[in-house]
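The chain contents come next:
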There are 2 protein chains.
Amino acid sequence: MGQPSQAREKLLNTAIELMSARSYADVGVQELCEHAAVKKGSFYHFFPSKRDLALAALDRQWEVVQREVLERAFDEQVPPLKRLERCFELFYDHHCGVKAQTGRVLGCPFGNLAGELSTQDEGIRLRVVRIFNGLASYIERALRDAVKAGEVPEMDTSTAAQAVVAYLEGIMLLAKATNEPGLIKQLGQSSIRGLVAGMAAPRTPPERKRRAVGE
Amino acid sequence: MGQPSQAREKLLNTAIELMSARSYADVGVQELCEHAAVKKGSFYHFFPSKRDLALAALDRQWEVVQREVLERAFDEQVPPLKRLERCFELFYDHHCGVKAQTGRVLGCPFGNLAGELSTQDEGIRLRVVRIFNGLASYIERALRDAVKAGEVPEMDTSTAAQAVVAYLEGIMLLAKATNEPGLIKQLGQSSIRGLVAGMAAPRTPPERKRRAVGE
DNA sequence: CCTCTAGTTGACCAGTTGGTCAAGTATATA
DNA sequence: TATATACTTGACCAACTGGTCAACTAGAGG
C-alpha cells in the first residue's frame, strides 16, 4: 500500500486548521470528518477520541513551529539578543499572513488550547507544558549566550526564559483579542531587551512569605 | 416584591463559577440552570442567550476585580512601581486561595474567554478588549507617576502599559498551564521592574517595515 | 488461491445542545 | 376588584454531540 491512507493526515491538517481558527469545543467530530472528507468510522480507526486527535495536532504543530520559526530565529550564528527579536518578527510575519487570509489574528495554538482545556484535560495540559518548556529552552540558550557575550548582566536564565515565554504568550493573546497583529511587533521589539535586561540577578529574593500550596 | 427574583443573580454567580473553572463551551445552559436551581424558561426570561449571560458575567467579574484588586493595588498613596508589585501579589494571593479550594489554577477569566471566543464572537471580543484597556489605564497611571517621580526613565507609557498587561496575561496563562500559582509571584516580582525600566523611550523606532494589514 | 491486515463504510446510539412557547402564578397598582 | 407586570414552569424542538459496531473492500504475503 504505497499511500497508507491519507485519512489520518487529512484529519490532522483539518484539526489544525479548524481548531486554531475557532476552539477545541466548537469543532465537532462531524465537522472535522466532513471537512477532511473522511467518514466517521475512519476517524475512530485512526484516533481513539477527539481529544487524541487534538493531542496529535498539538505535536504536529510543535514540529512545524520548531522547523519554521525556532530553528530559523535561534540560529547560533545570530547574536543572542537578536535571536529573540527575530523570533518575535517571525511570529509577526506569520500572523500578518494569517490575518490577510482569514481576517483574524488567531493567537498561539498552544496558549489557546492551554487556556481552554488545562483545567479539564490533564493530558492536554501536560503536553502544552512540555511545549512551553521546549520553547523556553530555545530562549534560555540564547540568554546564556547573551550573558557569556556580555550583552546582558548575569541572571537566572531559567526564570528569565520563562518570563519571556509568558510575555510572548501574553502578546499573542492581546493580539488575538484586539485582532491586531501589529501588537506583536510593537510590544515584541520595544521591550524585550528591557525585560531581559531587568532580570539582572537579585540572587532570587530569599523566599520571604508563604509557600505555594504545593502540587 | 422586596427581592425582585434571585434567579438572575444566581445565574450570574453560577456562570462565573462554572465558566471560570472550565470554559464557555463546556458549560451548558442545562447545567447552569441545575446548578443555579433555576428553570430553563426563567433563564431565557433574564438572558436572551447563553452568550448574553457570559457578557453579563464578564462585566460583573470586571467590577469585582476593580474593587477587590485594582483599587487596592493602585492606591495613589503607594509609590508607583510598588503598585505594580502589589497588583501581582494580590493576584498571586487570590490564585493561591482558589487552588487551595479547587486544586486548580484557573488563570484570568478575561484572558480565558478572549482565547476561546475572540475569533467567534465579536461582542465578547470587544468587551474583553475594553476590560484589557481598563486594566491598562490603571497601569499607565502608575507608570506616569513613576516617570514623574523619577523611579523610571521617560517612556511611552501607553505602550509600556500594554506590555505589562501582556506580561500579566501571559503569566496567568502559564500559571494555569503548569497549575502552579507560584509562577505569578516568581515571574511577577522578579522582572516587572526590568520590563518597565527597559521600555525607556527609543522615540518609537520610526516605522521601518511593512504596515499591519489594517482592521 | 487463501488468509491476514489495514482501512472504509454507513447505520445506529443515548444523551445533550441552545432555544421556544403557551399557560400559569404572584404581586403591585389603579 | 380588575388589570397589568414580572416571573415561573414544564413540555417541546430539531440538530447535533462523541462514540460504537458489524459488515465490507482491497491489497500484500504465504
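Residues numbered from 1 in each chain as written. Chains lettered and ligands numbered in written order. Predicted model: local features only at pLDDT ≥ 70, side-chain atom pairs only at ≥ 80, totals over all residues. Heavy atoms only, no water.

Engineer: What exactly am I supposed to notice about the protein's contact with DNA strand D here?
Structural biologist: If you check the shell around DNA strand D, you find 18 residues, and the closest are Val29, Lys40 and Lys50 of chain A together with Gly41 and Ser42 of chain B. For DNA strand D, the backbone makes up 53% of the atoms found within 4 Å of the protein, where backbone means sugar plus phosphate. Valine 29 of chain A is positioned with one of its backbone polar atoms (N or O) 2.7 Å from a phosphate oxygen of DNA strand D. Within the side chain of tyrosine 44 of chain A, one N or O atom sits 3.1 Å away from a phosphate oxygen of DNA strand D. In terms of residue count, the dominant contributor to the surface near DNA strand D is helix α3 (residues 40-46) of chain B (four residues). Looking at the surface near DNA strand D residue by residue, the classes come out as seven nonpolar, eight polar and three charged. (Near = heavy atom within 4 Å. Polar contact = N/O pair within 3.5 Å; in protein donor to acceptor, adjacent residues only side chain to side chain. Helix = DSSP H or I, 4+ residues; strand = E, 2+ residues; numbered from the N terminus. Nonpolar A, V, L, I, M, F, W, Y, C, P; charged D, E, K, R; others polar.)

Engineer: Explain the relation of the copies chain B and chain A to me, please; I cannot follow it from the model alone.
Structural biologist: Between the two copies, chain B and chain A, the superposition gives an RMSD of 0.0 Å; the rotation angle is 180 degrees and the shift along the axis is 0.0 Å. The two molecules are tied by a two-fold rotation axis, judged by turn and shift. A share of 100% of interface residues in chain B that are also interface residues in chain A marks the association as one of identical surfaces. (Least-squares fit on C-alpha atoms with pLDDT ≥ 70 in both. Contact = heavy atoms within 4.5 Å.)

Engineer: When you look at the side chain of histidine 95 of chain B in this model, what are you seeing that I'm missing?
Structural biologist: Residues and elements named next belong to chain B. With respect to the secondary-structure elements, histidine 95 resides in helix α5 (residues 80-102). Given the relative accessible area of 4%, histidine 95 is considered buried. Among all residues touching histidine 95, those that are not within four sequence positions of it are Val105, Leu106, Gly107, Met172, Pro181 and Ile184. (Buried < 20%, exposed > 50% of the residue type's maximum accessible area, 1.4 Å probe, protein only.)

Engineer: Can you help me understand the domain arrangement of chain A in this one?
Structural biologist: How large an interface is tends to be reported as the accessible area lost when its parts come together. Residues and elements named next belong to chain A. Here the domain parsing of chain A yields domain 1 (1-47) and domain 2 (52-197). Listed as interface residues are 16 residues of domain 1 and, on the opposing side, 12 residues of domain 2. Taking both partners together, domain 1 and domain 2 bury about 1,100 Å²; carbon and sulfur atoms supply 72% of that area. For domain 1, the biggest contributors to the area lost against domain 2 are Ile16, Ser20 and Tyr24; these three give 42% of the whole. Between domain 1 and domain 2 we count one salt bridge in total. (Domains from an automatic or database assignment. Buried area = accessible area lost by both parts, 1.4 Å probe. Salt bridge = Lys/Arg side-chain N within 4 Å of Asp/Glu carboxyl O.)

Engineer: Whenever I open this one, helix α7 (residues 122-148) of chain B confuses me. Can you help?
Structural biologist: What sets the pattern is the α-helix's 3.6 residues per turn: residues three or four places apart point alike. All names here are of chain B. Between its first and last C-alpha atoms α7 spans 38 Å; for 27 residues at 1.5 Å apiece the expected length is 39 Å, and the two agree. The backbone nitrogen of glycine 123 lies 2.9 Å from a side-chain oxygen of the residue at the head of α7, namely aspartate 121. Two residues or fewer past α7, glycine 150 is found with a positive phi of approximately 70 degrees. (Expected span 1.5 Å × (residues − 1).)

Engineer: I would appreciate a short explanation of helix α9 (residues 182-197) of chain B in the present structure.
Structural biologist: Compared with the 22 Å implied by 1.5 Å per residue over 16 residues, the 24 Å span of α9 of chain B between its first and last C-alpha is a close match. Considering bend angle alone, the principal kink of α9 of chain B is centred on serine 191 of chain B and spans about 45 degrees. Counting buried positions along α9 of chain B yields 12 of 16 residues, so the element is predominantly enclosed. Considered for burial, the residues of α9 of chain B that qualify are Gly182, Leu183, Ile184, Lys185, Leu187, Gly188, Ser190, Ser191, Ile192, Gly194, Leu195 and Val196 of chain B. Contact partners of the buried residues in α9 of chain B: α8 (157-178) and α9 (182-197) of chain A together with α5, α7 and α8 (157-178) of chain B. (Bend = angle between axes of the 7 residues up to and from the residue.)

Engineer: What is the right way to read unusual backbone geometry from this model?
Structural biologist: For residues other than glycine, phi is negative in most cases, and the peptide bonds are mostly trans. Residue and element names in this part refer to chain A. Phi angles above zero are rare outside glycine, and alanine 37 is one such case at about 55 degrees. Relative to the helices and strands, alanine 37 is located in the loop between α2 (29-36) and α3 (40-46). Residue alanine 37 is classed as exposed on the basis of its relative accessible area of 62%.

Engineer: Mind showing me how you'd approach the interface of chain B and chain A here?
Structural biologist: Contact with chain B, which involves 62 residues of that partner, is made by 62 residues of chain A. Of the roughly 5,000 Å² buried between chain B and chain A on both sides combined, carbon and sulfur atoms contribute 58%. Put simply, chain B and chain A have two salt bridges between them. One salt bridge in this structure joins arginine 104 of chain A and glutamate 122 of chain B, with 2.9 Å as the shortest N-O distance. For the pair chain B and chain A, the number of links is 12 residue pairs in polar contact (both at pLDDT 80 or more). Residue assignment for the side of chain B that touches chain A shows that the elements contributing at least two residues are α5, α6 (109-117), α7, α8 and α9 of chain B. When residues of the side of chain B that touches chain A are assigned to their parent elements, the largest contribution, 14 residues, is made by α8 of chain B.

Engineer: Looking at this structure, how should I read the pattern of salt bridges?
Structural biologist: Side-chain pairs of opposite charge can arise where the charged atoms are in close proximity. Residues and elements named next belong to chain B. For the coordinates displayed, the defined rule picks out 28 salt bridges over all chains. The partner of aspartate 121 in a salt bridge is arginine 51, with the nearest N and O atoms 2.6 Å apart. In this pair, aspartate 121 sits in the loop between α6 and α7 while arginine 51 sits in helix α4 (residues 50-73), placing the two residues 70 residues apart along the sequence. With a relative accessible area of 14%, aspartate 121 lands in the buried category. Residue arginine 51 is classed as partly exposed on the basis of its relative accessible area of 30%. With a shortest N-O distance of 3.9 Å, arginine 141 and glutamate 76 are connected by a salt bridge. Taken together, the positions of arginine 141 in helix α7 and glutamate 76 in the loop between α4 and α5 put the pair 65 residues apart, joining distant regions of the chain. Here arginine 141 falls in the partly exposed class, since its relative accessible area comes to 34%.

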